[in-house]
Amino acid sequence: YTTMGEQYIDPNFMGKIYTAGKNPLTPISAFNEKGENVLPQISKLDGIYTSANNGIYSASINNIEWNRLTLNLGSLSSAKEIKLIVNGILDWGPDEDQGKWYDRFFTEPVPNGTQPVPPPYMEVKAADGSWVRVPESRQLPLMPDAKPRTIVVDLTGLFPTNDYSLRISNFWNVTFDYIGVDITSQENVSIQRIDPAFAGIYQAFYAYSDSSGDFTRYGD
């Protein structure tokens, strides 16, 4: 599996292909932001998803309703590598509703630092039991596309204590079908490159434009 994203700042984690064992561990517990037990939904890859809300329906741009999944990954103190195997789907919501959400940032005073579409993020437990964000260079990539995808998130070295609790927060409506924990060692991967034999660009429909400059020509 891959990370399904290039959001990592650390080049060691960008676009990496990960190997995983055939029998991943199941988290000890899984709760959503409402405190509901969602472990049955994520324990098997069976098309039964967790529920979530879309952040664009938040009542206020300054008080976004996050989707939060809190996981206890179990006792992993002896694990040399920790990889989260995640299968899920992202619902962007209707374009019209997205437009209304974005329009609010033009019609209301917006405090500095307010993000129209805040990215997902992970948190782990500090020694005092508080939640702390994972370093930005290792944060969660944008979650799966608008169809079910499986990605791997490398958690190795991110837990400051032997408390292997993980909290995942999402602005978008991201629902999970399966989450497993892999502690097998990374295997060597052979990558085969396939170059395209042809690439053609053409105009699909007419659109008025007064743009000028150097653009890709039509054709091969």
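Just so you know, these numbers come straight off a predicted model, no measurement behind them. (Residues numbered from 1 in each chain as written. Predicted model: local features only at pLDDT ≥ 70, side-chain atom pairs only at ≥ 80, totals over all residues. Heavy atoms only, no water.)

### A closer look at the overall build of the chain
- When helices and strands are tallied, the chain shows two helices and eight strands.
- For the chain, the N- to C-terminal ordering of α and β elements is β-α-β-β-α-β-β-β-β-β.
- Principal-axis analysis of the C-alpha atoms places the extent of the chain at approximately 60 × 50 × 35 Å.
- Long-range pairs, those at least 24 residues apart, make up 76% of the contacts in the chain with a sequence separation of at least 6.
- Counting every atom, the chain has about 13,400 Å² of accessible surface; 51% of that belongs to carbon and sulfur. (Helix = DSSP H or I, 4+ residues; strand = E, 2+ residues; numbered from the N terminus. Contact = heavy atoms within 4.5 Å. Areas by Shrake-Rupley, 256 points an atom, 1.4 Å probe, with all protein chains shown as cover.)

### Considerations on the pairing of strand 7 (residues 165–170)
- The buried count for strand 7 comes to six of six residues, which makes it a mostly enclosed element.
- Relative to strand 7, strand 2 (residues 67–72) runs antiparallel, the two being bridged by six bridges. Following the sheet pairing, Leu71 is matched in strand 7 by Leu166. (Buried < 20%, exposed > 50% of the residue type's maximum accessible area, 1.4 Å probe, protein only. Pairing = 2+ DSSP bridges.)

### Observations regarding the sheet that holds strand 5 (residues 131–133)
- If you walk across this open sheet you meet the five strands as 1-2-7-4-5, and the pairing is antiparallel. Edge positions in the sheet fall to strand 1 (29–31) and strand 5, since each of these pairs with one other strand and no more. Across the sheet, the mean angle from the axis of one strand to that of its neighbour is 25°, orientation sign disregarded. (Axes fitted to C-alpha atoms, helices over the stretch in contact; angles between N-to-C directions.)

### Comments concerning the packing of aromatic side chains
- Applying the stated criterion to the full structure yields six aromatic pairs.
- Here the aromatic rings of Trp92 and Trp172 are separated by 5.1 Å at their centres, their planes lie at 70°, and the arrangement is edge-to-face. Of this pair, Trp92 sits in the loop between strand 3 (83–91) and helix 2 (95–107) while Trp172 sits in the loop between strand 7 and strand 8 (173–182); the two residues are 80 residues apart in sequence, bridging distant segments of the chain.
- Looking at Trp92, the relative accessible area reads 31%, which means it is partly exposed.
- Judged by relative accessible area, which is 6%, Trp172 ranks as buried.
- Ring centres 5.6 Å apart and planes at 75° place the aromatic pair Trp101 and Phe105 in the edge-to-face group. Highlighted residues: Trp101 and Phe105, both in helix 2, separated by four residues, approximately one helical turn.
- Among the aromatic residues, those joined into a cluster by ring pairs are Trp92, Trp101, Phe105, Phe171 and Trp172.
- Over the aromatic face of Trp131 sits the side chain of Lys125, whose NZ or CZ is 4.9 Å from the ring centroid.
- Stacked on the ring of Tyr121, the Lys or Arg Arg133 has its end atom at 3.6 Å from the ring centre. (Phe/Tyr/Trp six-rings, centres within 6.5 Å; stacked < 30°, edge-to-face > 60°. Lys NZ or Arg CZ within 6 Å of the ring centre and 35° of its normal.)

### Observations concerning the environment of Ser190
- You can see Ser190 is positioned in the segment after strand 8.
- Distance from Ser190 to Gly35, taken between C-alpha atoms, is 43 Å for residues 155 residues apart in sequence.

### Here's the deal with helix 2
- Over its 13 residues, helix 2 extends 19 Å from the first C-alpha to the last, a length consistent with the 18 Å expected when each residue adds 1.5 Å.
- Listing the buried residues of helix 2 in full gives Gln98, Trp101 and Phe105. Buried residues of helix 2, seen end-on, are gathered within an arc of 65° and therefore sit on one face of the element. Away from its buried face, by an angle of more than 90 degrees, helix 2 presents the exposed residues Glu96, Lys100, Phe106 and Thr107. (Expected span 1.5 Å × (residues − 1). Arc of directions from axis to C-beta.)

### Things to note about the pattern of salt bridges
- This model, assessed by the stated rule, comprises six salt bridges.
- Glu96 is paired through a salt bridge with Lys100; the nearest N and O atoms lie 3.8 Å apart. One end of the pair, Glu96, and the other, Lys100, are both in helix 2, four residues apart, so they sit about a helical turn from each other.
- Measuring nitrogen to oxygen at the nearest pair gives 2.8 Å for the salt bridge that ties Glu123 to Arg167. Here Glu123, found in strand 4 (residues 121–125), pairs with Arg167, found in strand 7; they are 44 residues apart in sequence, far enough to count as distant. Neither Glu123 nor Arg167 differs from the other in exposure class; each is buried. (Salt bridge = Lys/Arg side-chain N within 4 Å of Asp/Glu carboxyl O.)

### As for the nonpolar core
- Among the nonpolar cores identified, the biggest contains 37 residues, and Leu71, Leu73, Leu84, Met122, Leu155, Leu166 and Ile179 are the most heavily contacted of them.
- Of all the secondary-structure elements, those providing two or more residues to this core are helix 1 (39–42), strand 2, strand 3, helix 2, strand 4, strand 6 (149–154), strand 7 and strand 8.
- Among the elements that take part in this core, strand 8 stands out by supplying four residues, more than any other.
- Ignoring anything within four residues of it in the chain, the contact list for Leu73 reads Pro27, Ile28, Leu84, Leu155, Phe159, Tyr164 and Val181.
- Judged by nonpolar contacts, the second largest core, of five residues, contains Phe13, Tyr18, Ile85 and Tyr178. (Core = buried A, V, L, I, M, F, W, Y, C linked by side-chain atoms within 4.5 Å.)

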